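Below, each chain spelled out in residue letters.
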Amino acid sequence: MSDERRDILKLSRDWLPVQDVVDAVSSASCGSISVFIGTTREDEVDGRKVVGLEYEAYELMAQSEFIKLCGDIRERWPTVTHICVHHRLGWVMVGEASVVMAISSPHRHDSQQAINHCISQLKANVPIWKKEVYDTQEASWKENSECPWAAVAEG
Amino acid sequence: MTSQVFVFYFAKSVELTGVKQEEVTAVPTPISSRDLWNLLVQRHPRLSILQGQVVLAVRQQYVDIGDQVVTLGDGDEVAVVPPLSGG
């Protein structure tokens, strides 16, 4: 086996270049790279428009939960080669990407399945939080329905 | 036995306590997660607003608030973890 498999989580206040994330998972053995980009929507909530999101993270634990998530992905889809997630912290304006993730595999089935699972499980388990900021200068902390202890938890 | 731990607050819990992190001394150990939560609510009563929609993390492992017993050593990290909203 040539390259060592990579699991990379980068948390950064900087704008995310998608190409960097793609380059991080590229490999001569992979015929497929699946990419997910989460962007900030201009939602309207109770007559107030979202102008941006403010993100924070428990960084040490985000890394350890990410490692567990990658282990789970690799158990389910063993041909997955590299996994790279860049997540923004701090202020993210409407229209900008908050998260970019890329997963490579020799053939497309595994990377496509894995990328779906990756974003769902990140939303359920990785300690990152976002606050919606509105054009009225009010703000509210969001809760993912995937998170088991949210008020609106799924199933 | 008691320990001295670092408690980290995140998201809404920062707004409720006015604090991002603090050292808490003389925390009994072993302790149930419910008693640990109650100890933090005693320090910051507004934390009770999160009741039912919060978990703790001890040494970076999630712990539901309930009967589960945790042991705490000096310098251990405890975190108050409101519902996640990454991605």
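Per an unreviewed UniProt entry, chain A goes by the name Molybdopterin synthase catalytic subunit and belongs to Pleuronectes platessa.

1. Considerations on helix α1 (residues 18-25) of chain A
All names here are of chain A. All of the buried residues in α1 are Val21, Val22, Ala24 and Val25. Seen from one end, α1 has its buried residues packed into an arc of 155°, which puts them on one side. Tucked inside the fold, the buried residues of α1 contact β1 (7-12), β2 (32-39), β5 (83-88) and β7 (97-105).

2. Structural notes on the interface of chain B and chain A
Each side of the interface is counted separately: chain B has 22 residues, and chain A has 30 residues. With both sides pooled, the region where chain B packs onto chain A buries about 2200 Å², and carbon together with sulfur makes up 60% of that total. It is Leu84(B), Ser85(B) and Gly87(B) in chain B that bury the most area against chain A; as a group they hold 31% of the surface buried on that side. On the surface where chain B and chain A come into contact, there are one salt bridge. For the salt bridge of Lys131(A) with Glu15(B), the shortest nitrogen-to-oxygen distance reads 3.6 Å. Elements that contribute at least two residues to the side of chain B that touches chain A include exactly α1 (12-17), β4 (55-58), β5 (61-63) and β7 (77-81) of chain B. Of the residues that constitute the side of chain B that touches chain A, the class distribution is 12 nonpolar, seven polar and three charged.

3. Structural notes on the environment of Pro127(A)
On the secondary structure map, Pro127(A) appears in the loop between α3 (108-125) and β8 (128-134). With 30 residues separating them in the primary sequence, Pro127(A) and Ala97(A) have C-alpha atoms 18 Å apart. When neighbours within four sequence positions are excluded, Pro127(A) is seen to be in contact with Glu56(A), Ala57(A), Tyr58(A), Met61(A), Ala62(A), Glu65(A), Tyr62(B) and Leu84(B).

4. With respect to the pattern of salt bridges
Residue and element names in this part refer to chain A. For the coordinates displayed, the defined rule picks out 11 salt bridges over all chains. For Glu65, the salt bridge goes to Lys68, with nearest N and O atoms at 2.9 Å. Of this pair, Glu65 and Lys68 both sit in helix α2 (residues 59-76), separated by three residues, roughly a single helical turn. Overall, the relative accessible area of 43% leaves Lys68 in the partly exposed class. For Lys142, the salt bridge goes to Glu132, with nearest N and O atoms at 3.5 Å. One end of the pair, Lys142, is in the segment after β9 (139-141); the other, Glu132, is in strand β8, and 10 residues separate them in sequence.

Definitions and limits used
Residues numbered from 1 in each chain as written. Chains lettered and ligands numbered in written order. Predicted model: local features only at pLDDT ≥ 70, side-chain atom pairs only at ≥ 80, totals over all residues. Heavy atoms only, no water. Buried < 20%, exposed > 50% of the residue type's maximum accessible area, 1.4 Å probe, protein only. Helix = DSSP H or I, 4+ residues; strand = E, 2+ residues; numbered from the N terminus. Arc of directions from axis to C-beta. Contact = heavy atoms within 4.5 Å. Buried area = accessible area lost by both parts, 1.4 Å probe. Salt bridge = Lys/Arg side-chain N within 4 Å of Asp/Glu carboxyl O. Nonpolar A, V, L, I, M, F, W, Y, C, P; charged D, E, K, R; others polar.

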